[in-house]
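Geometric and topological summary
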Amino acid sequence: MKISLRMASAVEPRDTCYVASEGVTELKYSGYQPHAYSWDDYPVLKDILKAVHEALPGSKFNSLLLNRYKSGSDYVSWHSDDEKLYGPTPEIASVSFGCEREFLLRKKPAKTPQAIQGAEKSTAKRPKGSPPDQHGFVLKHGSLLVMRGYMQRDWVHSIPKRMKANSVRINLTFRLVPT
Ligand SMILES: O=C(O)CCC(=O)C(=O)O
Ligand SMILES: [Fe+2]
């Protein structure tokens, strides 16, 4: 499959491209405001959206942030996709193609006094050098990862640099902007 897209390569450490249905509120994240391309310009992306809707009955997506990691030195730093336009419990369907890369997930620091106390207790038991509540998954070619519920409120995620990753990875994150 060949995906040919006009990519916005500014200062982000990977290439990104944004596709959204008409009437969807403009996306702003980390100081970027990407141009919204139309689904009609990219029939292959429409086909993948259809397959995602079939794989996740009851879920609905109307926008797509596409990431292209050209090599292992492209990455996405720790963040959560908690922009207001997605609402309090965004559902994000993330499809990966090409080079396998590691996806890391880390719990945000606790805010309430009770939670902080709990976190201190668990720190005492943790072996030295292992970060608190951190998990890693390898995202394989053709895989579908779903983030939902309070994941964006409570966790951050990242795709770290991996110098051994020597080919391109394309990642599609389908999102719903309630209209
Ligand atoms: O490339 C990935 O798997 C994650 C991308 C991501 O976190 C994002 O676009 O918000
Ligand atoms: Fe993300």
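- Per an unreviewed UniProt entry, the chain carries the name Fe2OG dioxygenase domain-containing protein and comes from Cocos nucifera.
- Looking at the Sequence similarities (unreviewed entry) heading of the UniProt record, one finds this comment for the chain: "Belongs to the alkB family."

1. Here we look at the site of ligand 1
- Lining the immediate surroundings of ligand 1 are Asn67, Tyr69, His79, Asp81, Leu139, His157, Ile159, Arg169, Asn171, Thr173 and Arg175.
- Within the side chain of His157, a nitrogen or oxygen atom sits 3.0 Å from an oxygen atom of ligand 1.
- For ligand 1, an oxygen atom lies 3.2 Å from a polar atom in the side chain of Asn171.
- Relative to its free-state accessible area of 290 Å², ligand 1 is covered by the protein chains to the extent of 98%.
- Elements with a contribution of two residues or more to the shell around ligand 1: strand S3 (63-69), strand S9 (155-159) and strand S10 (169-175).
- Of the residues forming the shell around ligand 1, the biggest block, four residues, is contributed by S10.
- Looking at the shell around ligand 1, its residues break down into three nonpolar, five polar and three charged.

2. Overview of the coordination of the iron ion (ligand 2)
- Distances from the iron ion (ligand 2) to its protein donors, namely His79 (NE2), Asp81 (OD) and His157 (NE2), fall within the range 2.1 Å.
- Binding-site remark: the iron ion (ligand 2) is held by donors from one chain whose sequence spacing is H-x1-D-x75-H. Here His157 lies in strand S9 and His79 lies in strand S4 (residues 76-79), a separation of 78 residues in the sequence.
- His79 sits in the partly exposed class, given a relative accessible area of 23%.

3. Here we look at helix H1 (residues 43-55)
- Helix length check: H1, at 13 residues, gives a terminal C-alpha distance of 19 Å against a target of 18 Å (1.5 Å per residue), a fit within 8%.
- All of the buried residues in H1 are Leu45, Ile48, Leu49 and Val52. Buried residues in H1, looked at end-on, bunch into an arc of 105°, giving them a common side. What points out from H1, more than 90 degrees from its buried face, is the exposed set Asp47, Lys50 and Glu54.

4. Here we look at the UniProt feature "binding site: 2-oxoglutarate" (unreviewed entry) in the chain
- In this structure's numbering, the residues bearing the UniProt feature "binding site: 2-oxoglutarate" (unreviewed entry) are Asn67, Tyr69, His79, His157, Arg169, Thr173 and Arg175.
- Beyond its immediate chain neighbours, meaning those up to four positions away, His79 contacts Val156 and His157.
- A distance of 2.9 Å separates a polar atom in the side chain of His79 from the backbone oxygen of Ser77.
- Note on placement: Thr173 falls in strand S10.

What counts as what
All chains use their own residue numbering, which begins from 1 and follows the written sequence. As a convention, the first chain written is A and the first ligand written is 1, with the rest following in written order. Selection of residues for local features in this predicted model requires a pLDDT of at least 70, selection of side-chain atom pairs for listing and counting requires 80 or more, and totals for whole chains, interfaces and linings are taken over all residues. Note: side-chain values were computed over all heavy atoms of the structure, leaving out hydrogens and water. UniProt positions are given in the numbering used here, feature names are shortened, and annotations may be inferred rather than shown by experiment. Near is defined per residue: the residue qualifies when any heavy atom it owns lies within 4 Å of the molecule or strand. Any N or O atom pair separated by 3.5 Å or less is treated as a polar contact, with the protein-specific requirement of one donor-capable and one acceptor-capable atom, and with residues adjacent in sequence counted only for side-chain atom pairs. What sets the accessible areas is the Shrake-Rupley method with a 1.4 Å probe; for residues, cover comes only from the shown protein chains. Where helices and strands are cited, they refer to DSSP runs of H or I of at least four residues and of E of at least two residues respectively, numbered from the N terminus. All amino acids are sorted into three groups, where Ala, Val, Leu, Ile, Met, Phe, Trp, Tyr, Cys and Pro are nonpolar, Asp, Glu, Lys and Arg are charged, and the leftover types, Gly among them, are polar. Donor atoms are limited to N, O and S found within 2.8 Å of the metal ion, a distance that becomes 3.2 Å for Na, K and Ca. With water left out, some sites might look partial. Each residue is assigned to one of three classes by its accessible area relative to the maximum for its type, calculated with a 1.4 Å probe on protein chains only: buried under 20%, partly exposed between the two thresholds, exposed over 50%. Here, expected helix span is obtained from the residue count minus one, scaled by 1.5 Å. Each C-beta atom gives one direction from the helix axis, and the arc is the one those directions make. Contacts are residue-level and defined by heavy atoms, with any inter-residue pair within 4.5 Å sufficient.

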